[in-house]
Number of protein chains: 2
Amino acid sequence: MINYPNKKNSQNVKLTTSANRGMNFESMINRTNEFYRDNDIAIIYKKPIPIQVVNVDYKSRAAARITEAYYKLPSTTDYNGVYKGKYIDFEAKETKSKTSFPIKNIHEHQIIHLNRSRLHGGISFIIVYFSSLEKIYLLDSEKVDFFYKRSKTGKKSISLDEFDKNGCYIKEGYRKPVDYLRVIDEYYL
Amino acid sequence: MINYPNKKNSQNVKLTTSANRGMNFESMINRTNEFYRDNDIAIIYKKPIPIQVVNVDYKSRAAARITEAYYKLPSTTDYNGVYKGKYIDFEAKETKSKTSFPIKNIHEHQIIHLNRSRLHGGISFIIVYFSSLEKIYLLDSEKVDFFYKRSKTGKKSISLDEFDKNGCYIKEGYRKPVDYLRVIDEYYL
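None of the values given here were measured: they were computed from a predicted structure.

Enquirer: Where do I start with the environment of Ile49 of chain B in this structure?
Expert: By the element assignment, Ile49 of chain B lies in the loop between β1 (43-46) and β2 (51-57). C-alpha separation for the pair Ile49 of chain B and Pro74 of chain B, spaced 25 residues apart in sequence, amounts to 7.3 Å. Setting aside its immediate chain neighbours within four residues, Ile49 of chain B contacts Pro48 and Ile49 of chain A together with Tyr71 of chain B.

Structure below.
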């Protein structure tokens, strides 16, 4: 993609006026969850990144220092918790594309986990942020599964148009940057 | 505590015949959750240990090596997931004591998290393993909160007798070492 000077400028202007400028999508979700917790709306957390610890230096007992460790593949999604008695489980992804979201951005075991969560009575979904467009969509895990299966023999991505038709648009905000529970209220509860 | 030779011997014999000999309590819980997942009973995972990564060596892109990191205090409990549409949240603890469980083994923010999970409609509790007695109890978060508050001015621990009266006994097993969902079925659902 070529960055035309004019286009770049106009984007910069947009970013400067955006309430969440400089924030990556993960921070936006985390801030939203914090708002939910602080206002006693829901208890949803991001799981820690799984790390395989190989060596620890115990010289100072108070602050054991890990000196060798490796990132592990997560076996589940990043976020889960409880809202109005319902189990909530989701994965959040960001793409710079202006046209579609590549399915390969979600691991197969995450799709399996989302499906299982739904089949056991939870509400599970992905949230995708088209950062260049500043558009956020929630897509139910059943639809995610459909597009995932399609990608095995056909299209390897979910188009923006398909998000418009199958997903729920989430309006970006300031205090709740990604107010996905409003969508949950509207479409699930 | 003094280890009388006779006593020690008899304990060794007991451990040798135990189905779960050599397993610590965490492994027993993890194996149980694996059984639940493999048999499509519930989707419950242990959360990764939160680690603050300070330095990463990217020399080999395939296996980024963390060279400096520290353990962080967890903000939630260790285990959560979904069972029959219900949000499940708990902390598992082990004690060698034969008489009581010290409250200080649970962090205050974990008590708060268990309370919040319950108030938002989840099922939250602690599971305590009296390893010397090979006895396992499940105690609802409301009771945990009661004993926690009591510890501020009074007794700093929960006695075995109090577990007997307020908790639910979990029978140790082989395929499901700590079958806590049987207790959930019986007392919650």
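Enquirer: Would you mind showing me how to read unusual backbone geometry here?
Expert: When glycine is set aside, most residues are seen to have a negative phi, and most peptide bonds are trans. Residue Glu134 of chain A is not a glycine yet carries a positive backbone phi of 50°. Among the structural elements, Glu134 of chain A can be located in the loop between β7 (123-130) and β8 (135-140).

Enquirer: Sorry, what's going on with the environment of Glu34 of chain A here?
Expert: Of note, Glu34 of chain A is situated in helix α2 (residues 25-38). Distance from Glu34 of chain A to Tyr45 of chain A, taken between C-alpha atoms, is 8.4 Å for residues 11 residues apart in sequence.

Enquirer: Sorry if this is basic, but what is going on with the confidence of the model for chain A here?
Expert: Note that predicted coordinates carrying low pLDDT should not be read in detail. Residue and element names in this part refer to chain A. Per-residue confidence for chain A gives a mean pLDDT of 89, with 87% of residues at or over 70. For the stretch residues 1-21, pLDDT sits under 50, and the model shows 17 contacts to residues farther than four places along the chain or on other chains. For this predicted complex, the interface confidence comes out at an ipTM of 0.85, alongside a pTM of 0.86.

Enquirer: Could you clarify how one ought to interpret helix α4 (residues 141-153) of chain B in this entry?
Expert: Helical periodicity: at 3.6 residues per turn, an α-helix aligns residues three or four positions apart in one direction. All names here are of chain B. Spanning 13 residues, α4 covers 19 Å between terminal C-alpha atoms, matching the ideal 18 Å at 1.5 Å per step. Turning to α4, its buried residues are Ser141, Val144, Asp145, Phe147, Tyr148 and Ser151. Those residues of α4 that are buried are in contact with α3 (108-119), β7 (123-130), β8 (135-140), β9 (157-159) and α5 (160-166). Sitting at the head of α4, Asp140 places a side-chain oxygen 2.9 Å from the backbone nitrogen of Glu142.

Enquirer: Looking at this structure, I do not really get the packing of aromatic side chains. What am I missing?
Expert: The geometry of an aromatic ring pair is captured by the separation of the ring centres together with the interplanar angle, meaning the angle of the planes. Evaluated as defined, the whole model comprises 25 aromatic pairs over all chains. Ring geometry for Tyr87 of chain A versus Tyr87 of chain B: centroids 6.0 Å apart, planes at 20°, classification stacked. Pair noted here: Tyr87 of chain A is in strand β5 (residues 86-95) and Tyr87 of chain B is in strand β5 (residues 86-95), and the two residues belong to different chains. Assigned by exposure class, Tyr87 of chain A and Tyr87 of chain B land together as buried. Centroid distance Tyr137 of chain B to Phe163 of chain B: 5.5 Å. Interplanar angle 35°. Geometry classified as tilted. Of this pair, Tyr137 of chain B sits in strand β8 while Phe163 of chain B sits in helix α5, placing them 26 residues apart in sequence. Here Tyr137 of chain B matches Phe163 of chain B in class, with each residue buried. An aromatic cluster is present here, built from Tyr36, Tyr79, Phe90, Phe125 and Tyr180 of chain A joined pairwise through their rings. Above the plane of the ring of Tyr45 of chain A lies Arg37 of chain A, whose end atom (NZ or CZ) is 3.9 Å from the centre.

Enquirer: I keep staring at the relation of the copies chain A and chain B and nothing clicks. Help me out?
Expert: Both copies of the chain are placed relative to one another by a rotation about an axis and a shift along it. With an RMSD of 0.0 Å, chain A superimposes on chain B once it is rotated by 180° and translated 0.0 Å along the axis. Both copies of the chain, as the preceding transformation shows, are related through a two-fold rotation axis. A shared binding surface is used by both copies, with 100% of the interface residues of chain A retained as interface residues in chain B.

Enquirer: Could you clarify how one ought to interpret the packing of helix α3 (residues 108-119) of chain A against helix α4 (residues 141-153) of chain A in this entry?
Expert: Two measures define how a pair of helices packs: the angle their axes make with one another and the distance between the axes. Residues and elements named next belong to chain A. Remark: α3 packs on α4, axes separated minimally by 9 Å, with the N-to-C direction vectors making an angle of 140°. In this view, α3 runs oblique relative to α4, as classed from their interaxial angle. Read as a crossing pair, α3 and α4 show a hand that is left-handed. In this structure, α3 uses Glu108, Ile111, Leu114, Asn115 and Arg118 to contact α4, whose residues at the interface are Ser141, Glu142, Val144, Asp145 and Tyr148. Of the residues assigned to the contact of α3 with α4, the class counts are four nonpolar, two polar and four charged.

Rules and cut-offs
- Residues numbered from 1 in each chain as written.
- Chains lettered and ligands numbered in written order.
- Predicted model: local features only at pLDDT ≥ 70, side-chain atom pairs only at ≥ 80, totals over all residues.
- Heavy atoms only, no water.
- Helix = DSSP H or I, 4+ residues; strand = E, 2+ residues; numbered from the N terminus.
- Contact = heavy atoms within 4.5 Å.
- pLDDT = per-residue confidence, 0-100.
- Expected span 1.5 Å × (residues − 1).
- Buried < 20%, exposed > 50% of the residue type's maximum accessible area, 1.4 Å probe, protein only.
- Polar contact = N/O pair within 3.5 Å; in protein donor to acceptor, adjacent residues only side chain to side chain.
- Phe/Tyr/Trp six-rings, centres within 6.5 Å; stacked < 30°, edge-to-face > 60°.
- Lys NZ or Arg CZ within 6 Å of the ring centre and 35° of its normal.
- Least-squares fit on C-alpha atoms with pLDDT ≥ 70 in both.
- Axes fitted to C-alpha atoms, helices over the stretch in contact; angles between N-to-C directions.
- Parallel < 35°, antiparallel > 145°, perpendicular 65-115°, else oblique.
- Left-handed = near helix turned anticlockwise from the far one by under 90°.
- Nonpolar A, V, L, I, M, F, W, Y, C, P; charged D, E, K, R; others polar.

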